Amino acid sequence: MDTLQENGLPHSPALDIPGRERTAKELGVCGTPLKTKGNNGTTERSAPGNHVTAEFGNQQKVPLVNLPAPSTTPLGLPGVMDAEGRVDESRLRMHIFKNGGVSHSERGQVWRFLFGVYPCSSTSLERPLLQEQLNVRYHSMKRKWQQLFPAAVRLRINGTDAELVAAVQYFDVRQDRVQLQAQNQSDEVRERLSFLELQAQVLFERVTFDLEELQEAIRIIDKDVPRTDRDLPYYSGEGLGNLLVLRDILITYAAFHPEVSYAQGMNDLCSRFLEVLDSEVDTYWSFSCYMEKFSKDFRADGLHRKIELEAALLKELDPQLHTHLITDSMESFTFCHRWLLLGFQREFEHCDALRLFEILSCDHLELISQQVDRARYQERIARRHSLEDKPVSEAQAVNTEFTFELFICATILLDNRDALLSCRNDVQLIQFTNSLQGTLDLNLTLKKAEEHFYNYCKRSAWDYMNGRCRTSKNKEDHFLFQLRSLFS
C-alpha cells in the first residue's frame, strides 16, 4: 500500500498515471521545500512562489524552476476553497467557464487542481506531503533513464547556436545550486526523503525500457525542444535554461509511457504547463494527467477522428461550407487538427490562448454533463415501465462527441466563411489559415461558439421530438425533451 494511503492522505490523481508495468502505475509526487541562506547566515525556507536565485560570478541570477510549488497558498476564488484548503471541483470548473478563465496570479495554483497535481479533497496540511512524494518519485524516474543513457543527460549542441550554448550554461548553474540546496536540509527532512527514495526505487525496479524506441524519442525531442516558444519571455535571457528543463520532462514522460512515447507537438503543449506552473515536477505530473486523456490525439487514428468530427459538425452548421472544404481524404480539414491539438495556441494572443486552454479543460459546456446523464437515466426508467410506448429505435439526436473545442473551431471557420469559400486549393487554404495566427478575438469567439452550441442542441432536440412524439404520448419523460429544457 502506498505511504500516502497508509497515512490517511487523499489519493493524488497523479498516482494513477499508467506506466509500463504495474509498479509504475503507483507513481506519485513532489519535493521538500528548499532552503536558502538568509542575510544573517541562517537557513531559511524560501517563500512560496518566490524564485531562489543563484549567483554565478558576475553573471545574471538564475531562477530555480524546480522549486516546490506553493502548495499551502489559498485560492482567492470566492466559494471554491474551504477553511481547511479543500476545493469544490464543480465550483472551480464553473468559475473558470463563467469568468472566462482565471487571473495570471491565480493560474498556477488553479492548474494544479485542474490538471491533477493536487486532489481537490486534499487539505492545506496534506498537500506539502503529497508534493514531497511527487518530487522524490519524479527525480527517481529521471535518474533511471539517465543512468541507462548517460550520453543523453546533456543536450548535444554543435556550438553554432549561441543561445543554446547559454541555455546549457544556465542549466548547469541551476543544477549546481540545487545540489547545494540539498546539503542544507535538516536531518529530519533527509531521513524522510531517504525513505521516500527507497520506496520509489522499489516501485521502479522492474520498469524496463525499449532502448531503441527511447533513443529515437530522445533524438526527436532534441530537435524539437530548441525550437519551442523561444520568443516567449519565459525562455529569454536566463530563462533559456528552461528549455533543458522541458527536455528532461519530455524524455521522462516518453521513457515511462512507451505506449505514447513522444510525438511532435507535445513540446508546445508541455511548454504551456511549464510556463504557468514554473516547476519541473508539477509540470511533469500535470502534463502526464492531461495526456492520459488526450494522448490519442497524437496518434494517426486520433487525428483522423478529430477531423471527421469537425467535418460532421460543420456539415450540421453550414452544409455549403462543408461541401466546399471536404475531400475524400479529409485533407482539407487537417489544419483544424493542428488548432485542436495545441488548443489554438497560435491563433490567439498568447495570454488568451492560456485562458482558452483552461476554459476548454474545465469541461463545463459538454454534451456528457451530469445533468444530461441524469436526464438520460430518467428516460430509460420511464421507457422501461411505460406500457403505452411500443418498442422503437431511438435515433441519435445529438452527437455527444461534439466537444466545445469543436464548436470553437467551427466558429472560426464560420467567421471566415467568405475567405474560405474563395480558397481554390490547399496552398491558398494553408496561406489563409496561417494569416489568422495571433489575430482572433477570444471573447467574441467564445460568445459565438456558445451560441452555436446551444442552437445545435435546441435544433437537434426539436428535430428529434417532432418525430418521437408520434410514438409517445408522454414526451415530458423523454431524455431529449429534458435536454431541450436545459438549454431553453
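Note that the structure is a prediction, hence the values are computed from the model and not measured. (Residues numbered from 1 in each chain as written. Predicted model: local features only at pLDDT ≥ 70, side-chain atom pairs only at ≥ 80, totals over all residues. Heavy atoms only, no water.)

Trainee: Before we go on, may I ask you to explain the overall build of the protein in this structure?
Mentor: Along the protein, the regular secondary structure elements total 20 helices and four strands. Expressed as a percentage of its 488 residues, the buried residues of the protein come to 53%. For the protein, the share of sequence-separated contacts (at least 6 apart) that also reach a separation of at least 24 residues comes to 76%. Split by element, the accessible area of the protein, about 23400 Å² in all, is 50% carbon and sulfur. (Helix = DSSP H or I, 4+ residues; strand = E, 2+ residues; numbered from the N terminus. Buried < 20%, exposed > 50% of the residue type's maximum accessible area, 1.4 Å probe, protein only. Contact = heavy atoms within 4.5 Å. Areas by Shrake-Rupley, 256 points an atom, 1.4 Å probe, with all protein chains shown as cover.)

Trainee: Before we go on, may I ask you to explain the side chain of Asp224 in this structure?
Mentor: Relative to the helices and strands, Asp224 resides in helix α7 (residues 211-224). Relative accessible area serves as the criterion here: at 5%, Asp224 is assigned to the buried category. A distance of 2.6 Å separates a polar atom in the side chain of Asp224 from a polar atom in the side chain of Arg227. Those residues in contact with Asp224, other than ones at most four positions away along the chain, are Tyr262, Gln264 and Asn267. (Polar contact = N/O pair within 3.5 Å; in protein donor to acceptor, adjacent residues only side chain to side chain.)

Trainee: Would you take a moment to explain the pattern of salt bridges for this structure?
Mentor: This structure, assessed with the given rule, holds 23 salt bridges. Of the charged contacts, one joins Arg247 and Asp222 as a salt bridge, the two residues approaching to 2.5 Å between their closest N and O atoms. In this pair, Arg247 is assigned in helix α8 (residues 241-256) and Asp222 in helix α7, connecting sequence segments 25 residues apart. A salt bridge links Arg299 to Asp301, with the nearest nitrogen and oxygen atoms 3.5 Å apart. Here Arg299 falls in the partly exposed class, since its relative accessible area comes to 41%. Residue Asp301 is classed as partly exposed on the basis of its relative accessible area, which comes to 48%. Linked through salt bridges whose partners overlap, the residues forming this network are Lys142, Asp222, Arg247, Asp248 and Glu280. (Salt bridge = Lys/Arg side-chain N within 4 Å of Asp/Glu carboxyl O.)

Trainee: Help me out: how do you make sense of the state of the cysteines in this one?
Mentor: A covalent bond between the sulfur atoms of two cysteines is what we call a disulfide. Summed over all chains, the structure comprises zero disulfides. The thiol of Cys336 is unpaired, and the distance to the nearest cysteine sulfur, on Cys409, comes to 3.7 Å. (Disulfide = S-S within 2.5 Å.)

Trainee: Would you explain the packing of aromatic side chains in this entry?
Mentor: The description of an aromatic ring pair rests on the distance of the ring centres and on the angle between the ring planes. Within the structure shown, the criterion is met by 25 aromatic pairs. An aromatic cluster of three or more residues is present, and its members are Trp111, Phe115, Tyr253, Phe273, Phe287, Tyr290, Phe294 and Phe357. The positively charged end of Arg127 is found above the aromatic ring belonging to Tyr118, 5.7 Å away from the centroid. Note that Arg272 overlies the ring of Phe357, its terminal NZ or CZ placed 4.5 Å from the centroid. (Phe/Tyr/Trp six-rings, centres within 6.5 Å; stacked < 30°, edge-to-face > 60°. Lys NZ or Arg CZ within 6 Å of the ring centre and 35° of its normal.)

Trainee: Help me understand the packing of α7 against α8 in this model?
Mentor: Packed helices, taken two at a time, are described by the angle between their axes plus the distance between the axes. With their axes 10 Å apart at the nearest point, α7 and α8 run at an angle of 155° to one another. It follows from the interaxial angle that α7 and α8 lie roughly antiparallel. For α7 against α8, the interelement crossing comes out right-handed. Across the interface between the two elements, Leu214, Ala217, Ile218, Ile221 and Asp222 from α7 touch Arg247, Leu250, Ile251, Ala254 and Ala255 from α8. Split into classes, the residues belonging to the contact of α7 with α8 amount to eight nonpolar, no polar and two charged. (Axes fitted to C-alpha atoms, helices over the stretch in contact; angles between N-to-C directions. Parallel < 35°, antiparallel > 145°, perpendicular 65-115°, else oblique. Left-handed = near helix turned anticlockwise from the far one by under 90°. Nonpolar A, V, L, I, M, F, W, Y, C, P; charged D, E, K, R; others polar.)

Trainee: Please explain the environment of His139 as it appears in this structure.
Mentor: Within the element layout of this structure, His139 appears in helix α4 (residues 127-148). Sequence-wise, His139 and Ala200 are 61 residues apart; in three dimensions their C-alpha atoms are separated by 9.4 Å.

Trainee: Just to check I follow, could you spell out unusual backbone geometry for this structure?
Mentor: Apart from glycine, the bulk of residues carry a negative phi angle, and the bulk of peptide bonds sit in the trans form. Positive phi is not limited to glycine here, since Ser261 has a value of about 60°. Although it is not a glycine, Phe344 adopts a positive phi angle of roughly 55°. Checked against the element boundaries, Phe344 lands in the loop between α13 (334-341) and α14 (350-361). Judged by relative accessible area, which is 0%, Phe344 ranks as buried.

Trainee: What exactly am I supposed to notice about helix α9 (residues 266-277) here?
Mentor: Owing to its 3.6 residues per turn, the α-helix brings residues three or four apart onto one side. Here α9 contains twelve residues, and its C-alpha end-to-end distance of 16 Å stays within 8% of the 16 Å for a straight helix at 1.5 Å per residue. Along α9, eleven of the twelve residues are buried, which leaves the element largely enclosed by surrounding structure. When α9 is considered as a whole, its buried residues turn out to be Met266, Asn267, Asp268, Leu269, Cys270, Ser271, Arg272, Phe273, Leu274, Val276 and Leu277. Buried residues in α9 make contact with α3 (104-114), α7, α8, α10 (280-294) and α14. Where α9 ends, the next residue or the one after it, Asp278, has phi of about 50°, a positive value. (Expected span 1.5 Å × (residues − 1).)

Spatial relationships are all this shows, so hold off on functional conclusions.
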